[in-house]
Amino acid sequence: AANHEMDNIDGQESAIFAHLELLFLCLYTVEIMVRVLAKKILFFSFAWGWFDVSIVGIGWIEVASSSTMNLNQVRMVRVLKMVRVMRVLRLLRSSREVRLLLNSLM
C-alpha cells in the first residue's frame, strides 16, 4: 500500500488524488487565514494553532517539490505524508466520545 503512488505514478487515479489533495490544502490554508484574522496573535498562543500551521506548511512544501523530485525528495515526502496523518490527533482532542472509546480499548 505504501508503494501504490510510486507503482501508479502515471495513472489517472494519481492525477485525481493530486487535484483533490491540492483542493483540500487550499481549503485548510483559507481556514488558517480566517482563524488568524479572527484570533489575531492569540492564534499562535495555542500549540494546536502551530500544529495546524506546520501540517499545512508541510503540504505546501510537498506541492512545491512535486515537480522536481529525486530519490531523496521522494523519501522525504513519504515522511512528511506520515506526519500529516497526525491531523487525526486534532480530532481526538475535541471528541470526548472518541477519547472514551480509545481509553476503553487500551
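Participant: Describe the overall build of the protein chain, and please don't skip the residues or the numbers.
Facilitator: Secondary structure summary: the protein chain contains six helices and zero strands in total. Across the protein chain, helices and strands are ordered from the amino to the carboxyl terminus as α-α-α-α-α-α. The buried share among the 106 residues of the protein chain stands at 18%. Of all intrachain contacts in the protein chain linking residues separated by at least 6 positions in sequence, the fraction that spans at least 24 positions is 55%. Working note: accessible area of the protein chain is about 8300 Å², and carbon and sulfur atoms make up 70% of it.

Participant: How would you explain the pattern of salt bridges if you had to name every residue and give the values?
Facilitator: Following the criterion strictly, the structure yields two salt bridges and no others. A salt bridge links Glu 31 to Arg 35, with the shortest nitrogen-to-oxygen separation between them at 3.5 Å. Highlighted residues: Glu 31 and Arg 35, both in helix α2 (residues 12-39), separated by four residues, approximately one helical turn. Residue classification places Arg 35 among the buried positions, given a relative accessible area of 16%. Two residues, Asp 52 and Arg 35, come together in a salt bridge whose shortest N-O distance is 2.9 Å. Of the two residues, Asp 52 is situated in helix α3 (residues 47-65) and Arg 35 in helix α2; the sequence distance between them amounts to 17 residues.

Participant: Before we move on, can you summarise a nonpolar patch on the surface with the specific residues and values?
Facilitator: Where nonpolar side chains cluster on the molecular surface, the patch consists of Ile 16, Phe 17, Leu 20, Leu 23, Phe 24, Leu 27 and Tyr 28 and spans about 670 Å² of accessible area. In this structure Leu 23 comes out as partly exposed when scored by relative accessible area, which is 46%.

Participant: Can you break down the confidence of the model for the protein chain residue by residue, with the values?
Facilitator: Per-residue confidence for the protein chain gives a mean pLDDT of 75; residues scoring 70 or more make up 60%. The secondary-structure element of the protein chain with the lowest mean pLDDT is helix α1 (residues 4-7), recorded at 61, while α2 shows the highest, at 86.

Participant: Residues and numbers for unusual backbone geometry, please.
Facilitator: Of note, Lys 40 is a non-glycine position whose phi angle comes to about 55°, a positive value. By secondary structure assignment, the location of Lys 40 is in the loop between α2 and α3.

Participant: Just give me the short version of α3, but keep the residues and values in it.
Facilitator: Because an α-helix completes one turn every 3.6 residues, residues spaced three or four positions apart along the sequence face the same direction. Between the first and last C-alpha of α3 there are 27 Å, a value that for 19 residues agrees with the 27 Å anticipated at 1.5 Å per step. Listed as buried for α3 are Gly 49, Phe 51, Asp 52, Ile 55, Val 56, Ile 58, Gly 59, Glu 62 and Ser 65.

Participant: Describe the packing of aromatic side chains, listing the residues and the values that go with them.
Facilitator: For the coordinates displayed, the defined rule picks out two aromatic pairs. Ring centres of Phe 43 and Phe 44 lie 5.0 Å apart, and the angle between their planes is 85°; on these two criteria the pair is classed as edge-to-face. Here Phe 43 falls in the buried class, since its relative accessible area comes to 1%. When its relative accessible area of 31% is taken as the criterion, Phe 44 is described as partly exposed. Each ring, one from Phe 44 and one from Trp 50, has its centre 5.0 Å from the other, and the planes form 50°; the classification is tilted. Trp 50 sits in the partly exposed class, given a relative accessible area of 48%. By the ring-pair criterion, three or more aromatic residues cluster together here, those being Phe 43, Phe 44 and Trp 50.

Each value, and the rule that gives it
- Residues numbered from 1 in each chain as written.
- Predicted model: local features only at pLDDT ≥ 70, side-chain atom pairs only at ≥ 80, totals over all residues.
- Heavy atoms only, no water.
- Helix = DSSP H or I, 4+ residues; strand = E, 2+ residues; numbered from the N terminus.
- Buried < 20%, exposed > 50% of the residue type's maximum accessible area, 1.4 Å probe, protein only.
- Contact = heavy atoms within 4.5 Å.
- Areas by Shrake-Rupley, 256 points an atom, 1.4 Å probe, with all protein chains shown as cover.
- Salt bridge = Lys/Arg side-chain N within 4 Å of Asp/Glu carboxyl O.
- Patch = residues over 30% accessible without salt bridge, like charges linked within 9 Å, V, L, I, M, F, W, Y side chains within 5 Å.
- pLDDT = per-residue confidence, 0-100.
- Expected span 1.5 Å × (residues − 1).
- Phe/Tyr/Trp six-rings, centres within 6.5 Å; stacked < 30°, edge-to-face > 60°.

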